[in-house]
Amino acid sequence: VQLVESGGGLVQAGGSLRLSCAASGTSRSFFTMGWYRQAPEKQRELVAIINGGGTTNYADSVKDRFTISRLNADNTVYLQLNSLKPEDTGVYYCKAEFVTFRGLTDYWGQGTQVTVSS
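About the criteria used
Residues numbered from 1 in each chain as written. Predicted model: local features only at pLDDT ≥ 70, side-chain atom pairs only at ≥ 80, totals over all residues. Heavy atoms only, no water. Disulfide = S-S within 2.5 Å. Helix = DSSP H or I, 4+ residues; strand = E, 2+ residues; numbered from the N terminus. Buried < 20%, exposed > 50% of the residue type's maximum accessible area, 1.4 Å probe, protein only. Salt bridge = Lys/Arg side-chain N within 4 Å of Asp/Glu carboxyl O.

Caption draft 1: Spotlight on the state of the cysteines. Counting across every chain of the model gives one disulfide. Sulfur-sulfur distance for the disulfide between Cys21 and Cys94 comes to 2.1 Å. Its S-S torsion of about -85° marks the bond between Cys21 and Cys94 as left-handed, since a negative value means left-handed. Residue Cys21 is found in strand S3 (residues 17–24), and its partner Cys94 is found in strand S9 (residues 90–100); the two are separated by 73 residues along the sequence. The same class applies to Cys21 and to Cys94, which are both buried.

Caption draft 2: Representation of the pattern of salt bridges. Counted under the stated rule, the structure contains five salt bridges. The shortest N-O distance in the salt bridge between Lys95 and Asp106 comes to 3.7 Å. Highlighted residues: Lys95 in strand S9 and Asp106 in strand S10 (residues 103–108), separated in sequence by eleven residues. Connected via shared salt-bridge partners are Arg37, Glu45, Arg65 and Asp88.

Caption draft 3: A look at unusual backbone geometry. Although it is not a glycine, Glu41 adopts a positive phi angle of roughly 65°. Within the fold, Glu41 resides in the loop between strand S4 (32–38) and strand S5 (45–51). Overall, the relative accessible area of 85% leaves Glu41 in the exposed class. Of note in this structure, Ser83 is not a glycine but carries a positive phi near 50°. On the secondary structure map, Ser83 appears in the loop between strand S8 (76–81) and S9.

Next comes the structure, spelled out in structure tokens:
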């Protein structure tokens, strides 16, 4: 399974971005797909996650500003980032969980940089 992310960039505070993550190399539907971010010198943290049934969960810091969604039944998810703040700056990573012969297996994307200027 390969994950390809896109959509990062530089934006001013208050602006918006949309990230996308497409999973390929499997005919299965994902168990969960989510976005994590890592700021410099900080641990990677969960931002938003969606499961195969469409249930979503968000970090408190992004609730009401970010929205995770999926494209129909495809293994593609989006993260809409609105009202961005400088503290949202970091590398955003997509992670997907698929059921494999090993059980639940995690796959990570390469990351996309989001920089919010004040």
